[in-house]
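What the coordinates show
Each chain, written out:
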Amino acid sequence: MARTAEPARRQPADVLPVARVCVDLPLAHLDRPFDYLVPAAWADTAVPGTRVKVRFAGQLVDGWLLDRVASSAHPGRLAYLDRLVSPEPVLDPAVRALARAVADRYAGTLADVLRLAVPPRHARVEKEAAATPGGAAPATPGGAGAAPEPGSAPAAAARGGPRPTDPDGGWSAYPAGPALLRALADGRAPRAVWSALPGESWPDRLAEAAAATADAGRGVVLVVPDARDLDLLDAACAAALGPGRHVALTAALGPAERYRRFLALRRGAVRVAIGTRAAAFAPVADPGLVAVWDDGDDLHAEQRAPYPHAREVLLTRAQLADCAALVGGYARSAEAQLLVETGWARELVADRATLRRRAPRVEAIGADPQLARDPAAATARLPSLAWDAARAALRADAPVLVQVPRRGYLPSVSCQDCRTPARCPHCQGPLGLPAAGGHTACRWCARVAAGYACPACGSRRLRAAVVGARRTAEELGRAFPDVPVRTSGRDEILGAVDPGAALVVATPGAEPAAPGGYGAVLLLDTWAMLTRADLRAAEEAVRRWMAAAALARPARDGGQVVVVADAQVPPVQALVRWDPGGYAARELADRRELGFPPAARMVSLTGTPAGLAEFLAQARLPGSAELLGPVPAGAAERMLVRVRRAEGPALAAALHAAAGVRSAHKAPHPVRVQVDALELL
DNA sequence: ATAATAACGAGA
DNA sequence: CTCGTTATTATC
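These figures come from a predicted structure and were not determined experimentally. (Residues numbered from 1 in each chain as written. Chains lettered and ligands numbered in written order. Predicted model: local features only at pLDDT ≥ 70, side-chain atom pairs only at ≥ 80, totals over all residues. Heavy atoms only, no water.)

Per the secondary structure count, chain A includes 19 helices and 27 strands. Of all 681 residues assigned to chain A, the portion counted as buried reaches 56%. The long-range fraction of contacts in chain A, counting pairs at least 24 apart against all pairs at least 6 apart in sequence, stands at 75%. Accessible surface computed for chain A: about 27,900 Å², of which carbon and sulfur atoms make up 53%. (Helix = DSSP H or I, 4+ residues; strand = E, 2+ residues; numbered from the N terminus. Buried < 20%, exposed > 50% of the residue type's maximum accessible area, 1.4 Å probe, protein only. Contact = heavy atoms within 4.5 Å. Areas by Shrake-Rupley, 256 points an atom, 1.4 Å probe, with all protein chains shown as cover.)

Split by domain assignment, chain A resolves into domain 1 (2-89), domain 2 (117-160 + 168-354), domain 3 (360-412 + 464-577) and domain 4 (600-675). Each side of the interface is counted separately: domain 1 has seven residues, and domain 2 has nine residues. Approximately 570 Å² of surface area, both sides summed, lies buried where domain 1 meets domain 2, with 43% of it carried by carbon and sulfur atoms. For the domain 1 face of the interface with domain 2, the top three residues by lost area are R51, E88 and P89, together amounting to 70%. We note a salt bridge from E88 to R267, for which the minimum N-O separation is 2.7 Å. Inspection of the domain 1/domain 2 interface yields four residue pairs in polar contact (both at pLDDT 80 or more). The residue makeup of the side of domain 1 that touches domain 2, split by class, is four nonpolar, one polar and two charged. (Domains from an automatic or database assignment. Buried area = accessible area lost by both parts, 1.4 Å probe. Salt bridge = Lys/Arg side-chain N within 4 Å of Asp/Glu carboxyl O. Polar contact = N/O pair within 3.5 Å; in protein donor to acceptor, adjacent residues only side chain to side chain. Nonpolar A, V, L, I, M, F, W, Y, C, P; charged D, E, K, R; others polar.)

Right, let's talk about unusual backbone geometry for a bit. Across the junction of A305 and P306, the peptide omega takes the value 0°, indicating a cis bond. Looking at the element boundaries, P306 is found in the loop between β11 (287-293) and α8 (310-321). At D294, a residue that is not glycine, the phi angle is positive and equals roughly 55°. With respect to the helices and strands, D294 occurs in the loop between β11 and α8. Even without a glycine there, the phi angle at K666 is positive, about 50°. Turning to its location among the elements, K666 is positioned in the loop between α19 (648-664) and β27 (672-675).

Time to look at the UniProt feature "domain: Primosomal protein N' 3' DNA-binding" (unreviewed entry) in chain A. Per the UniProt record, the feature "domain: Primosomal protein N' 3' DNA-binding" (unreviewed entry) sits at residues 20-119. Within residues 20-119, the helical portion is 21% and the strand portion 29%, while the C-alpha atoms at the span's ends are 21 Å from each other. (UniProt positions renumbered as here; feature names shortened; annotations may be inferred.)

The next thing to look at is the UniProt feature "binding site: Zn(2+) 1" (unreviewed entry) in chain A. The feature "binding site: Zn(2+) 1" (unreviewed entry), as annotated in UniProt, sits at C415, C418, C454 and C457 in this numbering. Of the residues just listed, which span 43 residues, no C-alpha pair is farther apart than 8.6 Å, and they cluster in one region. Structurally, C454 is set in the loop between β18 (441-442) and β19 (462-464). Each residue touching C454, except ones within four places of it in the same chain, is listed here: C415, C418, T420 and S459. Mapping C457 onto the fold places it in the loop between β18 and β19. Owing to a relative accessible area of 41%, C457 belongs among the partly exposed residues under this scheme. For C457, the contacting residues outside a window of four places in its chain are C415, D417 and C418.

Considering all chains together, one arrives at nine aromatic pairs under this definition. Pairing W171 with W194 gives two aromatic rings, centres 4.7 Å apart and planes at 50°, and the pair type is tilted. Placement of the pair is W171 in the loop between α3 (123-131) and α4 (177-185) and W194 in strand β7 (residues 191-195), with a sequence separation of 23 residues. Judged by relative accessible area, W171 falls into the buried class, the value being 2%. (Phe/Tyr/Trp six-rings, centres within 6.5 Å; stacked < 30°, edge-to-face > 60°.)

Moving on, we come to the protein's contact with DNA strand B. Inspection of the region around DNA strand B gives A57, Q59 and K666 as its neighbouring residues. The separation between a base nitrogen of DNA strand B and a polar side-chain atom of K666 is 3.3 Å. (Near = heavy atom within 4 Å.)

Quick look at the protein's contact with DNA strand C now. In the neighbourhood of DNA strand C, 14 residues make up the surrounding shell, with H29, R32, D35, A57 and A79 lying closest. Of everything in DNA strand C that lies within 4 Å of the protein, sugar and phosphate atoms constitute 36%. Interatomic distance of 3.1 Å between a side-chain N/O atom of H29 and a base oxygen of DNA strand C. In the model, a phosphate oxygen of DNA strand C is placed 3.0 Å from a nitrogen or oxygen of the R32 side chain. Only β3 (34-37) and β4 (51-56) provide two or more residues apiece to the surface near DNA strand C.

Two modes of strand pairing occur in sheets, parallel and antiparallel, and in both the strands are linked by backbone hydrogen bonds. Across the sheet, which stays open at both edges, the four strands sit in the order β25-β26-β24-β27 with antiparallel pairing between neighbours. Edge positions in the sheet fall to β25 (626-633) and β27, since each of these pairs with one other strand and no more. Here the strands of the sheet are splayed against their neighbours by 20° on average, with no regard to which way each runs. In this sheet, strand β26 (residues 636-644) lies alongside strand β24 (residues 600-607) in antiparallel orientation, the contact comprising eight bridges. (Pairing = 2+ DSSP bridges. Axes fitted to C-alpha atoms, helices over the stretch in contact; angles between N-to-C directions.)

Of all hydrophobic cores here, the largest spans 71 residues; its most connected members are Y174, W194, W202, L206, L222, L326 and L575. Among the elements that line this core, the one with the most residues is helix α5 (residues 202-215), at eight residues. Both domains that furnish three or more residues to this core are identified here as domain 2 (117-160 + 168-354) and domain 3 (360-412 + 464-577). In this view, L326 contacts W171, A192, W194, L206, L289, V290, A291, V292 and L348; residues no more than four positions away in its chain are not counted. Grouped together as the second largest cluster of nonpolar side chains are 68 residues, V193, A273, A325 and L339 included. (Core = buried A, V, L, I, M, F, W, Y, C linked by side-chain atoms within 4.5 Å.)

In contact at an axis separation of 8 Å, α5 and helix α6 (residues 227-241) are set at 45° when each is read in the N-to-C sense. If you check the angle between α5 and α6, you find them oblique. The two elements α5 and α6 cross, and the hand of that crossing is right-handed. Residues W202, P203, D204, L206, A207, E208, A210, A211 and A214 of α5 form the contact with α6, whose own contacting residues are D229, L232, L233, A236, C237, A240 and L241. (Parallel < 35°, antiparallel > 145°, perpendicular 65-115°, else oblique. Left-handed = near helix turned anticlockwise from the far one by under 90°.)

Let us look at α8. Compared with an ideal rise of 1.5 Å per residue, which puts 12 residues at 16 Å, α8 spans 16 Å between its outermost C-alpha atoms and is within 8% of the ideal. Residues of α8 that are buried include every one of A310, R311, E312, V313, L314, L315, R317 and A318, and no others. Turning to α8, the residues buried within the fold contact α1 (93-105), β8 (219-223), β11, β12 (324-329) and α9 (334-341). Where α8 terminates, the next one or two residues include D322, which has phi positive at roughly 50°. (Expected span 1.5 Å × (residues − 1).)

Time to look at helix α18 (residues 609-618). Within the sequence span of α18, burial applies to G611, L612, F615 and L616. The buried side chains of α18 occupy one side of the element, clustering within an arc of 120° when seen end-on. (Arc of directions from axis to C-beta.)

Checked against the element boundaries, A652 lands in helix α19. Along the backbone, A652 and R601 are 51 residues apart, and their C-alpha atoms lie at a distance of 10.0 Å. When neighbours within four sequence positions are excluded, A652 is seen to be in contact with D104, R105 and A107.

Right, let's talk about the pattern of salt bridges for a bit. Inspection of every chain in the model, using the stated rule, returns 40 salt bridges. A salt bridge links R115 to D24; the shortest N-O distance between them is 2.7 Å. Highlighted residues: R115 in helix α2 (residues 110-117) and D24 in the loop between β2 (18-23) and β3, separated in sequence by 91 residues. For D24, a relative accessible area of 24% gives the class partly exposed. Measuring nitrogen to oxygen at the nearest pair gives 2.6 Å for the salt bridge that ties E200 to R205. A single burial state applies to E200 and to R205, both of which are buried. Look at the salt bridges and you will find they share partners, linking R105, D295, R311, E312, R601 and D676 into a network.

And the structure:
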């Protein structure tokens, strides 16, 4: 750690004596570079990308050395850099450009994004790795497999794994698949929205795409929603790439291991990065491919300001680096559909014949309304068709997966008679029931919907959606006394289940892998998912159903999926016909009609009434901006700003500027700005 | 946080 | 009009 000895005698460096520095402060009005002099002694070590400390307004603050330049436009006297924290240029120039673009899109600051993009330094690790001959690969290149994570090592192929005997396995199951691999191998930049077949071993496909890219000498970034998916992808990459050619990045790693793997990428020792959302910023040199799996999962949304979404980070990255991009999932998000419809990406889908060979048989059966009144009785929620499917699978000595929603979903309001979700006549937001006796009101704009009548059937009667019971496992256990019952949920997630007859009750996202696939998959309490007070409730339901249904065996091997829901509603139709693309197109069309994201851009502003008023008085919003609210949000209030998609960047700029003025004035009531906030209750 | 600077007001 | 005190604002 360098330190200047005699400040009075310091001389600026001969060449490029000015360092442009991003100070690491979360203040919007300081979101620009500040110029400092580079002491001659550090002329060669103060390189762009390194961490520095500078005296800023009297105090020592951390900063990023962004650039070395010949002169400064600053009219005043420049201060010297105070310290070089480390000679390691941890901030890749391309990552810096990416971080700037992400900050701009999300109305945030560069410093905030850099905090997400670059892990904290670990001095000992830096030293140990630098000592390695050639300064290259550390002892544990960090193939993530190398990091033992207790209790989580399911085999790669376990989860709905591919049937090795399948004649049209691998990417050739998709007509455009081989061309995709060729394009990656040739160093071209294809962009695709991939609808994975049911039963697809997506980790193997992603690993193959990564291998094709890496073999062509270019880098790869693959992002998955959670640690369980990462374990699967890690194993697949180890198989496809061989040892030491990739690293897995996850929050669960300790600071040392995290930094070690980060350095392996930054120094170019490893070219393939896989991980959860923060890995979207991994400092992979010359990326040839970025990919995100299951982009509809809300785990891809970062929890820290400025709340960027991994899909958006990766797409921005693909755009900046002019590299290939792959957005994959069993289901398709409205955002992915938008990529297809704008022509930014191509569809990568199987033909119907292949789909028929691979898909389970899917049937929808309405729950008996008479029996459904008693939500505690699992048997009441199991129509005979579901009952029969489970029995048949168990008789064939195959496991049965039962998916039930998690408790605690917010009840929203829908029509008592036809169950169409009730929406605000003014802004199309969801209606909610007041806590104590008042009127039904919009959760977005707070308008009271007094004379509400269902647009579908004209009924004036409303009902709150009921959430299913949790006792499903016990109930089923009683119904099938000889069969072992396993549960997998938020508290205890099973990685995989043994082959053989068993009942597996799981909440969405916690479905264990079943080698050979499930004989039957039952999807229960579907109304609870469909009528959630969330703009994305239906899309999310389709995503979760498809993720569970994809674990079933193909129909020709007896695999059957029963969804206990009205077969007429579009989300159920999408599952029955296994048509993620068609459903996403419909969903996006609806959102266009209603002015919802991603067709429009929405930003939520949260703060005290005074703070919001002040903020909005300050902001010069674009012409098309529409204000909705305020509505109560916990102790504070929330407003939504809606603009046409094309005005998204202008809106972000305006909000960032307003935040800047307020932070400069030390405004007492902070306002939280969230672009593309997922929950728009 | 702190330092420079603008703004202000009381007393000559 | 000047000095001393206090708000304001920029921070290399």
